[in-house]
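# Architecture at a glance
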Amino acid sequence: MRILVIEDEPDLLAGIVRALRDEDYAVDTAVEGVDGLFKAESWAYDAILLDIMLPGMDGWEILRRLRQTRKTPVLVLTARDAIRDRVRGLDGGADDYLTKPFDLAEMLARVRALIRRGAGKPLPRIELRGAEIDLGGRTVARAGETVPLTPREYALVEYLALHRGQVISRTELYDHLFGEDDDTMSNLLDVHVSNIRKKLGHDFIATRRGHGYCIE
């Protein structure tokens, strides 16, 4: 899953990015409003963490403009804890609100919930094709035994599971699984899919030639 963090406090930004990457999310960043809006509108992120007090363009304006074109789940991060500010954020299109200072574990839980709800899967577990995917623990089990997946393999399984029944193009998968600083190879998805099939069964992920992959 690919996350955009728009935050101008260097220490807080570094902590958020580290926590997200430790959970194997692909993370892009922006430290001012105009660049943040450009990235938010240019790529299909799974969630956006948005600070309100930003140089160049504040978070309210980013949210207003973003909602004209995108439904990306947005978690607002702000030092403002007045009720009117929370109401303004939620009424302005934010999906959730977290007041600074906050616990990183709570932030991660809220991000997971946003991604699930954004995909129309509010429950933290998905059962399909003989496997159980724990979206909270970020694990996959089969017949009660945990299947050892690499972080990228898990991310691929999770994304396809959240969009079960849909054919997902290679371009979309690259956009959601790799950040702006990641090095990618043209055959990397094929390698990951092959490894997942060895671990979860050849028919776990279906290939639609010329279109992409899906879990049926």
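Not measured: the values here are computed from a predicted model.

## Some details on the pairing of strand β2 (residues 26–30)
The buried fraction of β2 amounts to four of the five residues, a majority that puts the element mostly inside the structure. Note: strand β1 (residues 2–6) against β2, five bridges, orientation parallel. Each residue of the ladder has a partner; that of Ile3, found in β2, is Val27. Following the chain from β1 across helix α1 (residues 10–22) to the adjacent parallel β2, one finds a crossover that is right-handed.

## Section: the packing of aromatic side chains
Taken as a whole and judged by the stated rule, the model has two aromatic pairs. Ring centres of Phe38 and Trp43 lie 6.1 Å apart, and the angle between their planes is 85°; this geometry places the pair in the edge-to-face category. Arg138 extends its terminal NZ or CZ atom over the ring of Tyr25, reaching a point 4.5 Å from the ring centre.

## Focus: the sheet that holds strand β5 (residues 96–99)
Two pairing modes exist for strands in a sheet, parallel and antiparallel, and in both the strands are linked by backbone hydrogen bonds. Overall, parallel pairing links the five strands, which are arranged β2-β1-β3-β4-β5 in an open sheet. Of all the strands in the sheet, the pair left with one neighbour each is β2 and β5. Adjacent strand axes in the sheet meet at a mean angle of 20°, parallel and antiparallel pairs treated alike. Note: strand β3 (residues 47–51) against strand β4 (residues 74–78), four bridges, orientation parallel. Bridge pairing in β4 links Ile48 to Val74. Relative to the sheet, α1 contacts β1, β2, β3 and β4, its axis offset from that of β2 by approximately 165°.

## Considering the domain arrangement of the chain
As assigned here, the chain comprises domain 1 (2–118) and domain 2 (125–214). Using C-alpha coordinates to define each centre, domain 1 is positioned 26 Å away from domain 2. Between domain 1 and domain 2, the contact holds 15 residues from the first and 14 residues from the second. Taking both partners together, domain 1 and domain 2 bury about 1200 Å²; carbon and sulfur atoms supply 46% of that area. For the domain 1 face of the interface with domain 2, the top three residues by lost area are Arg2, Asp24 and Arg116, together amounting to 35%. Linking domain 1 to domain 2 there are zero salt bridges. Between domain 1 and domain 2 we count seven residue pairs in polar contact (both at pLDDT 80 or more) in total. When contributions to the side of domain 1 that touches domain 2 are tallied by element, the ones reaching two or more residues are β2 and α5 (104–118). Its residues assigned to classes, the side of domain 1 that touches domain 2 comprises five nonpolar, one polar and nine charged.

Definitions and cut-offs
- Just so you know, the residues in each chain are numbered from 1, in the order the chain's sequence is written.
- Local features in a predicted model are, by the rule used here, given only for residues with pLDDT of at least 70; side-chain atom pairs are given and counted only at 80 or more, and totals for whole chains, interfaces and linings are based on all residues.
- As a convention, hydrogens and water are excluded, and side-chain values are obtained from all of the structure's heavy atoms.
- Only protein chains enter the accessibility calculation, which uses a 1.4 Å probe; a residue is then buried when its area is under 20% of its type maximum, exposed when over 50%, and partly exposed in between.
- Per the convention used, a helix needs a DSSP run of H or I reaching at least four residues, while a strand needs a run of E reaching at least two, with both numbered from the N terminus.
- Paired strands, as defined in this entry, are two strands with at least two bridges between them according to DSSP.
- By convention a crossover is right-handed if, when the strands point away from the viewer, the path from the first strand over the helix to the second runs clockwise.
- Planes of paired rings set the category: under 30 degrees apart is stacked, over 60 is edge-to-face and the rest tilted, where pairs are Phe, Tyr or Trp rings (Trp by its six-membered ring) whose centres lie within 6.5 Å.
- We call a charge positioned over a ring when the NZ of a Lys or the CZ of an Arg lies within 6 Å of the ring centre and within 35 degrees of the ring normal.
- Helix axes use the C-alpha atoms of the stretch in contact, all axes being lines fitted to C-alpha atoms, and the angles between their N-to-C directions lie in the range 0 to 180 degrees.
- Throughout, a residue-residue contact means that at least one pair of heavy atoms, one from each residue, lies within 4.5 Å.
- Each domain's limits were defined by an automated method or a database of domain assignments.
- Here's the idea: put two parts together, see how much 1.4 Å probe accessible area each one loses, and the total over both is what we call buried area.
- Any Lys or Arg side-chain nitrogen located within 4 Å of an Asp or Glu carboxyl oxygen qualifies as a salt bridge.
- Polar contact is the term for a pair of N or O atoms within 3.5 Å; when the atoms are in protein, one must be able to donate a hydrogen and the other to accept it, and sequence-neighboring residues count only if both atoms are side-chain atoms.
- For this classification, the nonpolar set comprises Ala, Val, Leu, Ile, Met, Phe, Trp, Tyr, Cys and Pro, the charged set comprises Asp, Glu, Lys and Arg, and every other residue, Gly included, is treated as polar.

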